[in-house]
Amino acid sequence: MTKKILFFFPENPFSNRAGNVTRAKANLNILKNLGYQIDLAGIEDMYKVMGDNTDIDHNLVDTLFLLSRRPVKRIGSLEYWRYKFSLITTKKNKSNHLLTDYIKASFEKIVEAKKYDYIIINYEFWAGLIDYKSSTNPTTIIDTHDWITLNEFYKNPLLKIGDRFEEEINNLNKFDKVITISNDENFVFKGFLGDKVVNIPPSFSPHFSSNFEKKFDLIFVGSDNIFNIKSMKWFFDNVYPILPDNITIVIIGRICKHLEKRKGVTLVEFSETLDEYYSQSKIAICPMLEGTGIKIKVIEALSFGLPVVGTERAVDGFSSRIANGCLTDNNPEIFKDKIISLLQDESFYKSIKSQAEDYFKNNFSEEKALEKWKNVLTR
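First, a word on scope: everything that follows refers to the structure included in this document.

About the cut-offs
- Residues numbered from 1 in each chain as written.
- Predicted model: local features only at pLDDT ≥ 70, side-chain atom pairs only at ≥ 80, totals over all residues.
- Heavy atoms only, no water.
- Helix = DSSP H or I, 4+ residues; strand = E, 2+ residues; numbered from the N terminus.
- Rg over C-alpha atoms; globule rule 2.2 N^0.38 Å.
- Buried < 20%, exposed > 50% of the residue type's maximum accessible area, 1.4 Å probe, protein only.
- Contact = heavy atoms within 4.5 Å.
- Areas by Shrake-Rupley, 256 points an atom, 1.4 Å probe, with all protein chains shown as cover.
- Lys, Arg positive; Asp, Glu negative; His and termini not counted.
- Charge placed at Lys NZ, Arg CZ, Asp CG, Glu CD.
- Salt bridge = Lys/Arg side-chain N within 4 Å of Asp/Glu carboxyl O.
- Disulfide = S-S within 2.5 Å.
- Core = buried A, V, L, I, M, F, W, Y, C linked by side-chain atoms within 4.5 Å.
- Pairing = 2+ DSSP bridges.
- Axes fitted to C-alpha atoms, helices over the stretch in contact; angles between N-to-C directions.
- Arc of directions from axis to C-beta.
- Parallel < 35°, antiparallel > 145°, perpendicular 65-115°, else oblique.
- Nonpolar A, V, L, I, M, F, W, Y, C, P; charged D, E, K, R; others polar.
- Left-handed = near helix turned anticlockwise from the far one by under 90°.
- Polar contact = N/O pair within 3.5 Å; in protein donor to acceptor, adjacent residues only side chain to side chain.
- Phe/Tyr/Trp six-rings, centres within 6.5 Å; stacked < 30°, edge-to-face > 60°.

Time to look at the overall build of the protein. Each helix and strand counted, the protein has 13 helices and 13 strands in total. Relative to the 2.2 N^0.38 estimate, which gives 21 Å for 379 residues, the radius of gyration of the protein is 22 Å and therefore close to what a compact globule would have. Its C-alpha atoms put the protein at 70 × 40 × 40 Å along the principal axes. Here the protein holds 379 residues, and 52% of them are scored as buried. The long-range fraction of contacts in the protein, counting pairs at least 24 apart against all pairs at least 6 apart in sequence, stands at 66%. Of the accessible surface of the protein, which amounts to about 17,900 Å², a share of 50% is contributed by carbon and sulfur atoms. In the protein, 51 positive and 50 negative side-chain charges are present, and the distance between their average locations comes to 5 Å.

See the structure below:
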């Protein structure tokens, strides 16, 4: 009998919007290739906020369950008044205001009705979804995506780090398996949670072909989160003015909403696929100043054999900070020099491109990820 997975991801993993979404879809592909039947659960409010529709790939997912934060308002509804009463009697979740008792109850009903073998929850702050004892005792897996305490600290320096990190570890400890995607987070969490922690780096199909006309010198792909906004402000304030006038740059994603038109810069707010743009670009940039975890945009670029020029944060979570296809420095002048060297020295470009392809194949191949997921899903 085919085993069943309930895969919880708050947004639509088929929206092609950002790196976290791309990785969630990649994991669904892997799980399907391993022969599992998969249902998807998401949060209705998140779909609305992100502008996601409910289109899903039925080759990967059988059913989509959208969880509402509260029941429909009907004065005569017992369910509605239970929800209202719970707002008074239940302590709010500080780390996730969307996680209501009503969502938890709805999730529990789905699990009990469908009798899943595995439940996979994406993000630590949704761990409360399994705060009940299931009669079917499914294997529970949390995909961390990031070290959330550190991520939240970057956004709020007044955060009580000790309290939040204790909460994060306690949440992760509820699960049978904890998936990390970065060597850094794997080291931290394994120290507290032991062998239940497994590192599965992001994976993509390789696209190493060079048979494309290169229309763009530089490419950057990013959503409009605060870290991308800060990084591109730094780039345009400090690096762009000292680049040659003939440099061509393409920027793709919601980050474009926060950028003004400039000479040589093409802004593409949304593209159904990034393949064409990566294939037509020479170098990827990743000028991240803050943020935690491995950068999906960097791995995507490596999957196309593109050298990456970035700040030191660009290679967070990598097993090696050298010979990985990435040239990094936080000094704008040196950042610029690395770009120029790649563009003007063909042999140097080919050398770094070869490093990018080798590092990708050795660390982020779909085959390696599939084998690791297979081991995790062996009860």
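Back to the text.
So, about the pattern of salt bridges. Counted under the stated rule, the structure contains 19 salt bridges. D131 serves as the salt-bridge partner of K104, at 3.6 Å between the closest nitrogen and oxygen. Linking K104 in helix 4 (residues 101-114) with D131 in the loop between strand 4 (118-122) and strand 5 (139-143), this pair joins segments that are 27 residues apart in sequence. Judged by its relative accessible area of 24%, K104 is partly exposed. On the basis of relative accessible area, D131 is assigned to the partly exposed category, the value being 41%.

The next point concerns the state of the cysteines. Inspection of the entire model under this criterion finds zero disulfides. C326 supplies the cysteine sulfur nearest to C286, a cysteine that is in no disulfide, at a spacing of 8.2 Å. Here C286 falls in the buried class, since its relative accessible area comes to 1%.

Further remarks concern the nonpolar core. Ranked by size, the top nonpolar core spans 57 residues in total, and within it L218, I219, M232, F235, I251, L302 and F318 carry the most contacts. The residues touching I219, leaving out its near neighbours within four places in the chain, are V250, I252, Y277, Y278, S281, I283, A284, I285 and L306. Counting 55 residues, the second-largest nonpolar core is a separate cluster that includes L40, L60, Y118 and I141.

Attention now goes to the sheet that holds strand 9 (residues 249-252). Pairing is parallel across the open sheet formed by six strands, whose spatial order is 10-9-8-11-12-13. Lying at the two open borders of the sheet, with one neighbouring strand each, are strand 10 (265-268) and strand 13 (326-328). In this sheet, adjacent strand axes meet at a mean angle of 25° when their direction is disregarded. In this structure, strand 9 lies alongside strand 10, joined through four bridges in parallel fashion. Residue pairing for strand 10: I252 is matched across the bridge by V268.

Turning next to helix 5 (residues 148-155). Those residues of helix 5 lying buried are I148, T149, N151 and E152. End-on view of helix 5: buried residues confined to an arc of 160°, all on one side of the axis. Buried positions along helix 5 lie against helix 6 (161-172) and helix 8 (226-239).

With that out of the way, let us pick up the packing of helix 6 against helix 7 (residues 183-193). Between helix 6 and helix 7, the least distance of the axes is 11 Å, while the angle of their chain directions is 70°. One way to sum up the angle between helix 6 and helix 7 is to call them roughly perpendicular. Contact residues: helix 6 offers F165, E168, I169 and L172, while helix 7 offers V188, F189, F192 and L193. Residue composition of the contact of helix 6 with helix 7, grouped by class: seven nonpolar, no polar and one charged.

Right, let's talk about the packing of helix 5 against helix 6 for a bit. Packing of helix 5 against helix 6 brings their axes to within 9 Å, and their N-to-C directions diverge by 145°. Here the hand of the crossing between helix 5 and helix 6 comes out right-handed. For the pair helix 5 and helix 6, the contacting residues are I148, T149, E152 and F153 in the first and I161, R164, F165 and E168 in the second. Considered class by class, the residues forming the contact of helix 5 with helix 6 number four nonpolar, one polar and three charged.

Along the chain, N151 falls in helix 5. By relative accessible area, N151 is classed as buried at 11%. Reaching out from N151, the side chain makes a polar contact with the side chain of K155 at a distance of 3.4 Å. If we ignore the near neighbours within four places in the chain, the residues touching N151 are D146, F227 and T292.

Our focus in this paragraph is the packing of aromatic side chains. In the structure shown here, the tally under the stated rule is 19 aromatic pairs. Considering the side-chain rings of Y36 and Y118, the 5.7 Å spacing of their centres and the 90° angle between planes classify their relative orientation as edge-to-face. Of this pair, Y36 sits in the loop between helix 1 (19-33) and strand 2 (37-43) while Y118 sits in strand 4, placing them 82 residues apart in sequence. On the basis of relative accessible area, Y118 is assigned to the buried category, the value being 1%.

Now for the pairing of strand 5. For a regular strand, side chains alternate in direction, first toward one face of the sheet and then toward the other. Judged by how many residues are buried, strand 5 sits mostly within the fold: five of five residues are covered. In strand 5, alternate side chains face the same way, and those of T139, I141 and D143 on one face and T140 and I142 on the other are all buried. In terms of strand pairing, strand 4 meets strand 5 through five bridges, oriented parallel. Bridge pairing in strand 5 places Y118 opposite T139.

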